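As a plain string of letters, each chain reads:
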Amino acid sequence: MTFETIRAKLIKNSWVIIASIIILNLSLLTNTYNSTYLSSITVGLSINNAQYQSLISSSNNFAANTYDKTLENLSMYLSNRFASPDIQYEISENAKLRQKIDTKKPFYEIKNQSAGFVNISYNAESKQQGENFINSVNTVFLNKIITEWNKDRPQIFIIDQSNKGKNDFSSSVIQVKPPIQNALLPTIAGIFIGSLLALLLPSFNKKFKAVDPIVK
């Protein structure tokens, strides 16, 4: 196939290229143009009862041998609980996310921040959905996870919940716009696929002579 033949086919079947560009842009519109909202909240457990605090301030041995280990255990406990299916389900239900619960990988990201803290982040479809997620994480943390931690533990490791409504955890909902390259990909793909189809289309410009009927 000569260059002139290719050029002629592309010009003649240019409608195929245009159609491919339009179809791909419409089908990938959501993925290439819509923004997402990264919602993030950091929550933490801090043993704040008077007995524990008194030992920290009065005993160097207790602080050295127990305090750091306790903070490490708190962070690990939070990571495991937030990854569990029941906590995932509660967060999803409270925020009306309707997420599929996976026993191996949570639908949100969990980062261990050490020192008794973890960060929970989720890519939401809207700002309101992102705020709902943060509120849901905070509610489940305060009303369930802290209560579970306190259950059947020695008094010294109990977390005082008297000021639980005053916790001011760091949270944010940030709009994430897709890169400009994403907007060009459907057009580039449409040109490539459309050109390929245009070249593969058979030519229908051959003239067929009419055949006279045979007279018997």
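These numbers come from a predicted model, not from an experiment.

Draft legend 1. Spatial organisation of the pattern of salt bridges. By the definition in use, this model includes 5 salt bridges. The closest approach of N and O atoms between Arg 81 and Asp 86, which form a salt bridge, is 2.9 Å. Overall, Asp 86 belongs to the partly exposed group, its relative accessible area being 32%. Among the ionic pairs, Glu 109 bridges to Lys 111, the shortest N-O distance being 4.0 Å. The exposure class of Glu 109 is partly exposed, given its relative accessible area of 41%.

Draft legend 2. Highlighting the sheet that holds strand S2 (residues 109-114). As summarised here, the arrangement of the 4 strands in space is S2-S3-S1-S4, forming an open sheet in which the pairing is antiparallel. Either end of the sheet is taken by a strand with one partner, and the two such strands are S2 and strand S4 (171-176). On average, adjacent strands in this sheet sit at an angle of 20 degrees to one another, irrespective of strand direction. Strand direction decides the pairing type here: S2 and strand S3 (residues 117-124), joined by 5 bridges, are antiparallel. Each bridged residue has a counterpart across the sheet, and for Lys 111 the counterpart in S3 is Asn 119. Taken strand by strand, helix H7 (residues 127-150) contacts strand S1 (36-44), S3 and S4, and its axis lies near 15 degrees from that of S1.

Draft legend 3. Layout of the side chain of Thr 42. With respect to the helices, strands and loops of the structure, Thr 42 is situated in strand S1. Within polar-contact distance, the side chain of Thr 42 engages the side chain of Asn 119 at 2.9 Å. Sequence-distant contacts of Thr 42, that is, excluding residues within four places in its chain, are made with Gln 113, Phe 117, Val 118, Asn 119, Phe 169 and Ser 170.

Draft legend 4. Quick peek at the packing of helix H1 (residues 3-12) against helix H2 (residues 14-27). In contact at an axis separation of 4 Å, H1 and H2 are set at 60 degrees when each is read in the N-to-C sense. Looking at the two axes, H1 sits oblique to H2. Residues Leu 10, Ile 11 and Lys 12 of H1 lie in contact with H2, whose contacting residues are Ser 14, Trp 15 and Ile 17. Within the contact of H1 with H2, the residues separate by chemical class into 4 nonpolar, 1 polar and 1 charged.

Draft legend 5. Unusual backbone geometry, seen in detail. Of note, the phi angle at Ser 114 is positive, near 65 degrees, even though the residue is not glycine. Note that Ser 114 resides in strand S2. Residue classification places Ser 114 among the partly exposed residues on the basis of a relative accessible area of 43%. Positive phi outside glycine occurs at Asp 152, with the angle close to 60 degrees. Note on placement: Asp 152 falls in the loop between H7 and S4.

Cut-offs applied
- Residues numbered from 1 in each chain as written.
- Predicted model: local features only at pLDDT ≥ 70, side-chain atom pairs only at ≥ 80, totals over all residues.
- Heavy atoms only, no water.
- Salt bridge = Lys/Arg side-chain N within 4 Å of Asp/Glu carboxyl O.
- Buried < 20%, exposed > 50% of the residue type's maximum accessible area, 1.4 Å probe, protein only.
- Pairing = 2+ DSSP bridges.
- Helix = DSSP H or I, 4+ residues; strand = E, 2+ residues; numbered from the N terminus.
- Axes fitted to C-alpha atoms, helices over the stretch in contact; angles between N-to-C directions.
- Contact = heavy atoms within 4.5 Å.
- Polar contact = N/O pair within 3.5 Å; in protein donor to acceptor, adjacent residues only side chain to side chain.
- Parallel < 35°, antiparallel > 145°, perpendicular 65-115°, else oblique.
- Nonpolar A, V, L, I, M, F, W, Y, C, P; charged D, E, K, R; others polar.

Just distances and angles here, no functional claims.
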